[in-house]
Structure formats: structure tokens, C-alpha cells
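Structural characterization, general
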Amino acid sequence: MSDSSPLPPVRLTSEAELARDALSTPLLSRAARLARWAGPGTRVDAGGGLVEEQLPAAAGALGLSGEDAAAYASEAWRVAVDTGLVEIVDEETGTVAAGADLALLTGGSPQDVLGVWQTALETVLADASVPDLDDLVDALDEGGRIDFSALDWDPESEAEFLDSVLANLYLLTVSEDGPGDSPVPLPALAASVIVPDDMGEPTNDVLEQVSDAMMRLDDQFRLLEPIGLVEYRPVDEALMADTDDEPGGPVDETDVARYGMVRLTPLGRHGLRARLLEAGFAVPAVGELADKGADALLDGTSAFGPRAAQAETEQWLARRESLAAARELLAAARGADPGAPLRRLRCQQALSLVGAEAEPALREVLDDAELGGLARVWLSERGAADVPPPSEAMVFWLTIDTVAAQLAAEGNSEELRALVEGLAEQHSGFFAAVWRVDHPATADVLEAMGRIHPDKKIAKEARKAAFKARSQHGG
């Protein structure tokens, strides 16, 4: 994943809702309860953890029982210390007091609450990259010290692996062609960071790596669920002992779910976006352009998918009066630079969302060489009276502009191929005339039509027309 090209825009829940979600997560709420429970008699060890004899009382304060109660209490305490909900007053005596940040959870702003939660998330992520207790015990040497070479564990690479998985989960969640709010099968997520993009059929060695990664991720997502990053359906433990399943056999949806399903929560989307921003990635969010000018809107949404572009545009329009907004959009759509055709396409899409009160703005540009075509389309679609017919030159110019915009937005998509085929069919002598169009993208569009059109004869006509267009414009 490159940190220079922006990721798809994410739709975020309001900070107030996210803060409420953060406060209700099992781990942060337990940490807050322990911070309020702690008193003058509470003691910690040299590492800041609760001394062992106090763990039962801490578990009781949390209403926990059973064999894992002490471990849950210990984890919640560690989060309380790391987030500043608890402060170690005297390291020598191990005495503690409520931390300054505890008040933020009840009296702070939503941003304050989310800041505390983000710190808690970092604590859990660090824990998730550490081998489990059984592996640590197995790696103890004769002196009782951990032999890290016996663990086959590299802290940095383990953290990078988890970061890569979470980045892919974020990308899958925010991509328009991804699962969105639906859960992602754990095998697919593991494969996304293990299997090379150019590999056809994965080798047995790669499949074994995917299987190992799944087991690691199963442990890690179990740890990450209580902090509210994900909703997780763990791997069915019965699969470990199931020897009857033939690998590679037919798998139905129920079987896939048994191998683990993970979904990024709205709070998780916020948390991972914050981490990606911190790492230097361009991570847009829907609504960030609502207070900016039309030029920023049209340029900013140029890389968005259709649904995200519409959502962003709707928020932008909601803050403006329709006629003024239409005039601003049309002014920003002008230009002969390479990005101009896509700006005009986004302008046309934005204008489709405004009402009839914008009509005067469209009539004002009917004689504009760059905007007259899209203005006529808008007026005609709304049944406006006295719309002057476009000249042939304007029709051809708008055609080139539209194809150039589609190329910039989608590349050689199926929709563009259908458009190109339709143009060649509907206009006899299309290529004999269109190469004369005075548009900066004429030659490039004709070359693309020559690549895209499936009919070899028509493709050759397009390439000849592209050559003439380049000759006409001196290159």
C-alpha cells in the first residue's frame, strides 16, 4: 500500500456516537471501573501491574469470576495505567491514585474520550503482537529467562504483519467494491497479506503459511474485540480435530464462517484511520470537503468511487443555496488541463442533485464552449423550454470530453467499452469527423478507442483518426 496515493474515503460516524461506543467497550469500561476502585491500599509491582494477591479483589470489583477472571482484571488494570486513568504515585511503595485522564471519560469532549480509547487500542495492539503465555513458558531457559531465539519471534515483523492485516481490513471495508459492513472471512484476509498478487494457484507452502497466519490472527482478533476494534466470530475449534474434511472440496457459506469472520466496527474504522494518518497515509473521510470551494470538491472527488463522490457532494450541496452552488460548480469545471474532463463529469453529477431553481446558472453557460453541452443535457433532462440544439462541433467536443473523463475515472472498464461501441455504431463517419475536434484530449481518446473497440476494422479507423489529430495539433 502506497502512502502517496489516497485510500478510498471512509464514512465515519459522528464523534459523539463514537465516544459512546468507546465508553461501552468491555476493556475500556473495565479499566475505568478499576481506576475508580483503586484506593490507598492498592499496590502495584515494579512493572505497574497489580500485585497478585489483589487480583481476586479487582476481578470481584469487575463482577468477574472463573479461571480467566484474574487475567481479565490484570489486562484491564494495565490499560488503566497506560491510558492515564490510574497514576502510580510512589514507585517504591507501589501506591496508586486516580489519574487525571479519568475525569475525561465523564467530563471531557468526545475527542478527549476517543483520545483515551486510542491509547488503550495501542496497548492492546502491542499485546496482540506478543506470543501467548504457553509459548513464553516453553521458551524459558534454565535460568528462568526467556530465550527469544527459541520463540522464533521477531517483535518488529510481528507488529508489521498485524498492521498489514489491519490496513487490508480497512481497505476492504472502505472500498466501494469490497464487503462494506459485511464480515470478511479470515482465510481471505490472511491470504491478502500472504499470497502474492501475481500468483495464480497458491502452492502448498503458501497455503501452509496462510493457515499459520489464520491461527495467529484468530488469537489476535480475540484480543482486539474487547477494545471495540472489530466484531469477531472465532475459528470453530472443532475444525482442529476434524479430519474428515477434504481440503479443496466444495465449501458452502456456513463452512466459510467456521473458519472465522471479522468485521471492522465504526469505532474500528475511526481508530485505524487515525493510525494510518499517523503513519503518513492520505486517508480521506466523506464530509471533509463540505466547507471547501467547488474546485476542491471537484478535484477531491475525482479519485472517489461513484457512491462516495455522491455522498460527499450531497454534504457539500446541503450547506449551499442551489443557484449559487450551481454557478460555483460550473466556474470550477472550466479548464483545458488533463484533470478538467473528470472535473466536468463530477460537476455534471453534482448538478444532477440540484433542483430546478439552478436553471438560470445553466442558461448562463449555454454559449460556453466547455460547458454548453452539459448545460443543454441538464436542461433537456428537466424538460426545460427553449433549449437551443447543440451544433455538431459541440456534440463531438462533449463526446471527447465525456470519454476522457470516463478514462480518467475508470480506465478501460466494461462501461467505457460499451460507450465506445455505441458511439461508433450511432454516428456514421464518426472517426472521419471527430479527429478535427479542438479538445486537448482528442488524440488520446481516439487512441484509447482504438485499444478498446473489439472490431479490428473500427479500431484501425480510430487509430488512424488519432494519428490525424496528433498531426493537426503538432504532435
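Cut-offs used in this document
- Residues numbered from 1 in each chain as written.
- Predicted model: local features only at pLDDT ≥ 70, side-chain atom pairs only at ≥ 80, totals over all residues.
- Heavy atoms only, no water.
- Helix = DSSP H or I, 4+ residues; strand = E, 2+ residues; numbered from the N terminus.
- Buried < 20%, exposed > 50% of the residue type's maximum accessible area, 1.4 Å probe, protein only.
- Pairing = 2+ DSSP bridges.
- Salt bridge = Lys/Arg side-chain N within 4 Å of Asp/Glu carboxyl O.
- Core = buried A, V, L, I, M, F, W, Y, C linked by side-chain atoms within 4.5 Å.
- Contact = heavy atoms within 4.5 Å.
- Axes fitted to C-alpha atoms, helices over the stretch in contact; angles between N-to-C directions.
- Parallel < 35°, antiparallel > 145°, perpendicular 65-115°, else oblique.
- Left-handed = near helix turned anticlockwise from the far one by under 90°.
- Nonpolar A, V, L, I, M, F, W, Y, C, P; charged D, E, K, R; others polar.
- Phe/Tyr/Trp six-rings, centres within 6.5 Å; stacked < 30°, edge-to-face > 60°.
- Lys NZ or Arg CZ within 6 Å of the ring centre and 35° of its normal.
- Expected span 1.5 Å × (residues − 1).
- Patch = residues over 30% accessible without salt bridge, like charges linked within 9 Å, V, L, I, M, F, W, Y side chains within 5 Å.
- Areas by Shrake-Rupley, 256 points an atom, 1.4 Å probe, with all protein chains shown as cover.
- Lys, Arg positive; Asp, Glu negative; His and termini not counted.
- Charge placed at Lys NZ, Arg CZ, Asp CG, Glu CD.
- Polar contact = N/O pair within 3.5 Å; in protein donor to acceptor, adjacent residues only side chain to side chain.
- pLDDT = per-residue confidence, 0-100.

Some thoughts on the overall build of the protein
When helices and strands are counted, the protein shows 24 helices and five strands. Relative to its full complement of 475 residues, the protein shows a buried share of 42%.

Considering the pairing of strand β4 (residues 230-233)
Burial of the side chains of β4 is restricted to one face: V230 and Y232 are buried, whereas none of E231 and R233 on the reverse face is. Relative to strand β5 (residues 261-264), β4 runs antiparallel, the two sharing four bridges. Paired with R233 across the bridge in β5 is M261.

With respect to unusual backbone geometry
Non-glycine residue D386 carries a positive phi angle of around 55°. With respect to the secondary-structure elements, D386 resides in the loop between α19 (372-381) and α20 (392-410). According to the relative accessible area criterion, D386 is exposed, its value standing at 70%.

A closer look at the pattern of salt bridges
With the rule as written, the count across this model stands at 20 salt bridges. The salt bridge involving D181 is made with R269; its shortest N-O contact spans 3.1 Å. One end of the pair, D181, is in the loop between α9 (155-174) and β3 (184-185); the other, R269, is in helix α13 (residues 266-278), with 88 residues separating them in the sequence. Overall, D181 belongs to the exposed group, its relative accessible area being 51%. Relative accessible area serves as the criterion here: at 10%, R269 is assigned to the buried category. Between E231 and R263 there is a salt bridge, with its nearest N and O atoms 2.7 Å apart. Note that E231 is positioned in strand β4 and R263 in strand β5, a separation of 32 residues in sequence.

Structural notes on the nonpolar core
Side chains of nonpolar character tend, in soluble globular proteins, to be buried together. Counting 72 residues, the largest nonpolar core has L85, Y170, F221, L229 and V230 as the members making the most contacts within it. The element best represented in this core is helix α6 (residues 110-128), accounting for nine residues. Every residue in contact with L229, bar those within four places of it in the chain, is listed here: W117, L121, L166, L224, R263, L264, T265, G268 and L272. Formed by 27 residues, the second largest nonpolar core is a distinct cluster that contains A294, L298, L329 and L366.

Quick look at the packing of helix α10 (residues 186-194) against helix α11 (residues 204-224)
Helices that pack against each other are described as a pair by the angle of their axes relative to one another and the distance between those axes. As a packed pair, α10 and α11 sit with axes 9 Å apart at the nearest point and diverge in direction by 120°. One way to sum up the angle between α10 and α11 is to call them oblique. In the packing of α10 onto α11, the handedness of the crossing is right-handed. Every residue of α11 that contacts α10 at L186, P187, L189, A190, A191 and I194 is listed here: V206, Q209, V210, A213, M214, L217, D218 and F221. A breakdown of the residues in the contact of α10 with α11 according to their chemical character gives twelve nonpolar, one polar and one charged.

Observations concerning the sheet that holds β5
With respect to topology, three strands assemble into an open sheet ordered β3-β5-β4, the strand pairing being antiparallel. Sheet topology places β3 and β4 at the edges, where each strand pairs with a single neighbour.

Brief notes about the pairing of strand β1 (residues 86-90)
Bridge count between β1 and strand β2 (residues 95-98): four bridges; the pairing is antiparallel. For I88, the partnering residue across the bridge sits in β2 and is V96. The loop that links β1 with its antiparallel partner β2 comprises four residues; one of these, G94, has a positive phi angle of about 70°.

Quick word on the environment of L34
Of note, L34 is situated in helix α2 (residues 26-37). Relative accessible area serves as the criterion here: at 0%, L34 is assigned to the buried category. Sequence separation between L34 and A58 is 24 residues, and the spatial gap between their C-alpha atoms is 6.9 Å.

Overview of the packing of aromatic side chains
Inspection of the entire model under this criterion finds three aromatic pairs. In this structure an aromatic cluster arises from ring pairing among F396, F430 and F431. Taking the ring centre of Y72 as reference, the NZ or CZ of R30 above it sits at 5.1 Å. If you follow R216 out to its NZ or CZ, it ends over the ring of F161, 4.0 Å from the centre.

What to know about helix α4 (residues 69-82)
Between its terminal C-alpha atoms α4 stretches 20 Å, which fits the 20 Å expected from 14 residues at 1.5 Å a residue. When α4 is considered as a whole, its buried residues turn out to be A69, A73, E75, A76, W77, V79 and A80. Elements in contact with the buried residues of α4: α2, α3 (55-61), β1, β2, α6 and α11. Positioned one or two residues after α4, G84 has a phi angle of 80°, which is positive.

A few points about a positive patch on the surface
A cluster of basic residues, R436, K460, R463, K464 and K468, forms a positive patch on the protein surface. A relative accessible area of 53% places R436 in the exposed class.

Things to note about the side chain of H270
Inspection of the secondary structure puts H270 in helix α13. Residue H270 is classed as buried on the basis of its relative accessible area of 16%. Discounting residues that sit within four places of it in the chain, H270 has contacts with L12, L18, L114, W117 and Q118.

What to know about the environment of R43
Residue position: R43 is located in the loop between α2 and α3. Sequence separation of R43 and D90 is 47 residues, and the distance between their C-alpha atoms is 9.9 Å. In contact with R43, not counting residues within four places along its chain, are G49, L50, V51, Q54, T93, G94 and T95. Reaching out from R43, the side chain makes a polar contact with the backbone oxygen of P40 at a distance of 2.7 Å.

A few points about the confidence of the model for the protein
Detailed reading of predicted coordinates is not advised where the pLDDT is low. On average, residues of the protein score 88 in pLDDT, and 90% of them are at 70 or above. A low-confidence stretch, residues 243-251 stays under pLDDT 50, and its non-local contacts, those more than four residues away or across chains, total five contacts.

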